[in-house]
Amino acid sequence: MNYIEGGVCAPKGFTAAGMHVGIRANKEKNDLMVIFSMHPCSSAGIFTKNIVCSGPVKLNRKNIIAGNACAFIANSGIANACCPNCNENALRMQHAAAQALKIENEQVLVASTGIIGVRLPVEKIENNISELVSRLENSAEGSNEAALAIMTTDTRKKEFAISGEISGKTVTIGGIAKGSGMIHPNMGTMLCFLTTDCLISASMLDKALRNVCDVTFNRISVDGDTSTNDSMMILANGLACNNFITEENDDFILFESMLRDLCTRIARAMAADGEGAKHLITCTVLNSSSEQKASHIAKSIISSNLTKTAIFGCDANWGRVLCAMGYSGEKFNPDAVDIYFRSDIGTIKVCENGIGVNFDETLAKEILLRPEIEILANINEGKYSATCWGCDMTYDYISINGDYRT
């Protein structure tokens, strides 16, 4: 497997475009994007479990059942959630894109991100969709423009693509995502759009997406908030001409492995770009009696505000880690736990058998000053492990969210 350029346009047959249409006040920022395959697709999606959800999420839940979508349309700036006519406006977005692309309404999946409770000026989308679609013809930079169009408080775009061989054919998967704050998914990410030229059925695409989501996006947290708009969706147009994947065979395993690698990279990028974050935190729980238990404990650690603030302050306060493990809801023996902090300059053991050990505070400080920090928690009871990703919490997080709406 190799990482390549091109994002969602890297797979054969996909085009994308983004532009500013006036939803956001800043004319320098794209606020609307389209991704499209002229060739028919299989499709799948996962959406927020928050019972308060946006108009696009409600619409997509109905349309994703057919499994034959071939286009995405998404705006930034306004979430189209808990606002006047949110359901109607999602339908109008879908219809406008379908008309411009000359496809059926049900083949368009819709997404929005931004401020909750504000009316979406959908007429600006309707008035500009033809120009946006016309830009698909020259989409060398299309994935980049689309990735920029879905950013809100993100400080950098999340755009990746990976290629590998399946049944003797080169298969490519591309992805763009947005997510920096309001992230504690139990389904997927804030917004993630995936494309692939793999020939795979809708049912197998759905299975791969759910399997991968559980070990990537479901294992990140920035601030403990699950959004009203969380959506993770994928289109597969089959142009790689690999053997048709209709069951869980070796080809399916290869495809899922590629998708997992790509989504792990996206998930890490989202955690590293947490609002105001200075550190990416990677937490691995080792030697658990089950992977699920290890995952729950690791996510409890990276979700702990006290742990996050300790990492921000470069303080090797391992007691906060052990405390977060204790309220994870999982049973383990605290007297068997070893804890380490690690970065690219070294590893330091700070707890053994549930008790603090003497360690070099200067070295610990140097380790924690690095931009990527690992927390290793060995519970010494089995053979399973799991990794989750998060970030520290800084003064800037409060500043960014204190005046986000205004």
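Placed above this text is the structure.
Note that the structure is a prediction, hence the values are computed from the model and not measured.

1. Side note on the overall build of the protein
Step number 1: When you go through the protein residue by residue, the secondary structure sums to 11 helices and 16 strands.
Step number 2: If you line up the protein on its principal axes, its C-alpha atoms span 70 × 55 × 35 Å.
Step number 3: In the protein, which comprises 406 residues, the proportion classed as buried is 58%.
Step number 4: Considering only intrachain contacts with a sequence separation of at least 6, the fraction spanning at least 24 residues in the protein is 80%.
Step number 5: Only carbon and sulfur atoms are counted for the fraction: they give 48% of the accessible area of the protein, which is about 16,200 Å².
Step number 6: In the protein, 36 positive and 45 negative side-chain charges are present, and the distance between their average locations comes to 4 Å.

2. A few points about the packing of aromatic side chains
Aromatic ring pairs are reported here in terms of the distance separating the ring centres and the angle at which the planes meet.
Step number 1: Within this structure, the stated rule accounts for two aromatic pairs.
Step number 2: Their ring planes at 90° and their centres at 5.3 Å tell us that phenylalanine 312 and tyrosine 395 sit as a pair that is edge-to-face. With phenylalanine 312 in helix 8 (residues 305-312) and tyrosine 395 in helix 11 (residues 395-402), this residue pair connects regions lying 83 residues apart in the sequence.
Step number 3: The class for tyrosine 395 is exposed, based on a relative accessible area of 66%.

3. Thoughts on the nonpolar core
Step number 1: Counting residues in hydrophobic clusters, the biggest one holds 53 residues, and the most contacted among them are Met33, Ile35, Ile73, Ile176 and Phe193.
Step number 2: The element contributing the most residues to this core is helix 2 (residues 86-101), with six residues.
Step number 3: Discounting residues that sit within four places of it in the chain, isoleucine 35 has contacts with Val8, Phe14, Thr15, Ala16, Cys70, Ala71, Phe72, Ile176, Phe193 and Thr195.
Step number 4: Listed in part, the 38 residues of the second largest apolar core include Ile166, Met204, Met232 and Met258.

4. Description of the sheet that holds strand 11 (residues 280-288)
Step number 1: With mixed pairing, six strands are arranged side by side in an open sheet as 14-13-12-15-11-16. A strand with exactly one partner marks an edge of an open sheet, and here the two such strands are strand 14 (355-356) and strand 16 (384-391).
Step number 2: Note that strand 11 and strand 15 (residues 372-378) share seven bridges and pair parallel. Across the sheet, the residue bridging to isoleucine 281 is isoleucine 373, located in strand 15.

5. Details of a negative patch on the surface
Step number 1: Residues Asp315, Asp360, Glu361 and Glu366 make up a contiguous surface patch of negative charge.
Step number 2: Looking at where glutamate 361 falls in the secondary structure, it is placed in helix 10 (residues 361-368).
Step number 3: Classification of glutamate 361 as exposed rests on a relative accessible area of 52%.

6. Digging into helix 3 (residues 122-134)
Step number 1: For helix 3, with 13 residues, the first-to-last C-alpha span of 19 Å sits near the 18 Å given by 1.5 Å per residue.
Step number 2: At asparagine 128, helix 3 is deflected by roughly 50°, the largest bend along its length.
Step number 3: Every buried residue of helix 3 is listed here: Val122, Ile125, Asn128, Ile129, Leu132 and Val133.
Step number 4: Here the buried face of helix 3 lies against strand 2 (14-19), strand 3 (32-37), strand 5 (71-78) and helix 2.

7. Comments concerning the pattern of salt bridges
Step number 1: A full pass over the atoms with the stated rule returns 16 salt bridges.
Step number 2: Notably, a salt bridge pairs lysine 158 with aspartate 273, separated by 2.5 Å at the nearest N-O pair. Linking lysine 158 in strand 7 (residues 158-166) with aspartate 273 in the loop between helix 6 (250-272) and strand 11, this pair joins segments that are 115 residues apart in sequence. Both residues of the pair, lysine 158 and aspartate 273, count as buried.
Step number 3: In this structure, arginine 210 and aspartate 206 form a salt bridge, with 3.1 Å as the shortest nitrogen-oxygen distance. On the criterion of helical spacing, the pair formed by arginine 210 and aspartate 206 is a turn pair, its members being four residues apart in helix 5 (residues 202-215).
Step number 4: Take aspartate 206: its relative accessible area is 25%, and that puts it in the partly exposed class.

Reading the values: the criteria
Residues numbered from 1 in each chain as written. Predicted model: local features only at pLDDT ≥ 70, side-chain atom pairs only at ≥ 80, totals over all residues. Heavy atoms only, no water. Helix = DSSP H or I, 4+ residues; strand = E, 2+ residues; numbered from the N terminus. Buried < 20%, exposed > 50% of the residue type's maximum accessible area, 1.4 Å probe, protein only. Contact = heavy atoms within 4.5 Å. Areas by Shrake-Rupley, 256 points an atom, 1.4 Å probe, with all protein chains shown as cover. Lys, Arg positive; Asp, Glu negative; His and termini not counted. Charge placed at Lys NZ, Arg CZ, Asp CG, Glu CD. Phe/Tyr/Trp six-rings, centres within 6.5 Å; stacked < 30°, edge-to-face > 60°. Core = buried A, V, L, I, M, F, W, Y, C linked by side-chain atoms within 4.5 Å. Pairing = 2+ DSSP bridges. Patch = residues over 30% accessible without salt bridge, like charges linked within 9 Å, V, L, I, M, F, W, Y side chains within 5 Å. Salt bridge = Lys/Arg side-chain N within 4 Å of Asp/Glu carboxyl O. Expected span 1.5 Å × (residues − 1). Bend = angle between axes of the 7 residues up to and from the residue.

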